[in-house]
Amino acid sequence: METQDIRTLRILEKVGDDVAPSQREMARELNVSLGLVNSFIKRLALKGYVKASSIPRKRIRYILTPKGMAEKSRLTYRYIQFSYHYYREARQKLQKLFAKLEKSGVRRVVFYGATDLAEIAFLSLQETDIDLVAVVDDLHPSKKLLGRRVIDSRGLATVSFDRVVVTDDGNRDIFMRRLFSLGVSRSDVVFVE
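This section reports on the structure supplied with the text.

Parameters at a glance
- Each chain has its residues counted from 1, following the order in which its sequence is written.
- Restriction of local features to residues with pLDDT of at least 70 applies here, the model being predicted, together with a cutoff of 80 or more for giving and counting side-chain atom pairs; totals for whole chains, interfaces and linings are based on all residues.
- Calculation of side-chain values draws on the structure's entire complement of heavy atoms; hydrogens and water are dropped beforehand.
- What counts as an axis is a line fitted to C-alpha atoms, over the stretch in contact for a helix, and the angles between N-to-C directions run from 0 to 180 degrees.
- Secondary structure is summarised from DSSP: a helix means a run of H or I of at least four residues, a strand means a run of E of at least two, and numbering begins at the N terminus for each.
- Reported orientations rely on four angle classes, namely roughly parallel under 35 degrees, roughly antiparallel over 145, roughly perpendicular from 65 to 115, and oblique for the rest.
- Residue contacts follow a heavy-atom distance rule, with two residues in contact if any of their heavy atoms lie within 4.5 Å.
- Ten residues, namely Ala, Val, Leu, Ile, Met, Phe, Trp, Tyr, Cys and Pro, are considered nonpolar, four, namely Asp, Glu, Lys and Arg, are considered charged, and the remaining ones, Gly among them, are considered polar.
- We define a salt bridge as a contact between a side-chain nitrogen of Lys or Arg and a carboxyl oxygen of Asp or Glu at a distance within 4 Å.
- Two helices that cross are described as forming a left-handed crossing if the nearer one is turned anticlockwise from the farther one by less than a right angle, and a right-handed crossing if clockwise.
- As used in this record, nonpolar core signifies buried Ala, Val, Leu, Ile, Met, Phe, Trp, Tyr and Cys residues forming a set joined through side-chain atoms within 4.5 Å.
- When a residue's accessible area, from a 1.4 Å probe over protein chains only, is under 20% of the maximum for its type it is buried; when over 50% it is exposed; and in between it is partly exposed.

### Describing the packing of helix α1 (residues 3-16) against helix α3 (residues 34-46)
At a minimum axis distance of 11 Å, the contact between α1 and α3 shows a crossing angle of 80 degrees. Our classification of the angle between α1 and α3 gives roughly perpendicular. Each of Gln 4, Arg 7, Thr 8, Ile 11, Leu 12 and Val 15 in α1 lies in contact with α3, whose residues at this interface are Leu 36, Val 37, Phe 40, Ile 41, Arg 43 and Leu 44. Considering only residue class, the contact of α1 with α3 consists of 8 nonpolar, 2 polar and 2 charged.

### So, the pattern of salt bridges
Throughout the structure, instances matching the rule amount to 9 salt bridges. A salt bridge links Asp 138 to Arg 178; the shortest N-O distance between them is 3.5 Å. With Asp 138 in the loop between β4 (131-136) and β5 (144-145) and Arg 178 in helix α6 (residues 172-181), this residue pair connects regions lying 40 residues apart in the sequence. In this structure, Glu 193 engages Arg 172 in a salt bridge whose closest nitrogen and oxygen atoms are separated by 3.2 Å.

### Thoughts on the packing of helix α4 (residues 66-103) against helix α5 (residues 116-125)
Here α4 crosses α5 at 50 degrees, and the two axes come no closer than 9 Å. Accordingly, the angle class assigned to the pair α4 and α5 is oblique. In the crossing of α4 with α5, the sense of the turn from one axis to the other is right-handed. Of the residues in α5, those touching α4 at Tyr 86, Tyr 87, Ala 90, Arg 91, Leu 94, Gln 95 and Phe 98 are Leu 117, Ile 120, Ala 121, Leu 123, Ser 124 and Leu 125. When its residues are assigned to classes, the contact of α4 with α5 shows 10 nonpolar, 2 polar and 1 charged.

### Looking at the nonpolar core
Membership of the largest hydrophobic core comes to 22 residues, with the highest contact counts inside it found for Leu 94, Phe 98, Leu 101, Val 109, Phe 111 and Val 165. For this core, the elements supplying multiple residues, two or more each, are α4, β3 (108-112), α5 and β4. Those residues in contact with Leu 94 that sit more than four places away from it in its chain are Leu 117, Ile 120, Ala 121, Ser 124 and Val 192. If you look at the next biggest cluster of nonpolar residues, it comprises 17 residues, including Met 26, Ala 27, Val 37 and Leu 44.

And the structure:
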């Protein structure tokens with residue numbers, strides 16, 4: 001599913017809420033720029049998915065039209081399909097990866113990336129004798145994930161592990177440079193392929 005469709009769905013969901021959020025509030029909640037929300041709202045209005053009406057204090061309330069409700073339903077269905085396929089494909093890849101690691105004698109892994117993929121990886125890991133010893137993420141240290149406190153990559157020095165499983169779909173080169181700078185060898189890093 002394309003990023004634009006996901007953003008459209010999230011904006012339609014916000015507009016469809018009983019609360020009348022401003023564009024600024026939507027931008028903050030969706031973690032995008034105000035200009036991007038403004039552009040999306042204009043596009044959605046041109047397509048007939050939302051209508052704008054004035055409310056007191058110089059604010060505008062956006063209302064989901066019947067056409068907008070239909071589009072929201074269509075995008076929700078596509079998002080559920082996308083999520084299901086992503087989950088199923090990730091589970092298959094992770095099961096193969098962990099079976100291979102287990103066969104090679106790996107017993108302790110670190111997940112690099114506090115993401116949805118890490119949560120799916122954790123489920124797959126339960127089918128093996130491999131232990132998750134830490135979850136590392138430089139953008140979300142101290143976050144709780146899978147019942148564990150996420151640590152930043154500098155904390156790797158305090159953890160005993162056999163492999164680092166990269167559970168972030170971001171730029172591999174950046175992850176590898178960061179891990180190399182911390183003394184982790186290439187042979188100790190695995191990606192979900």
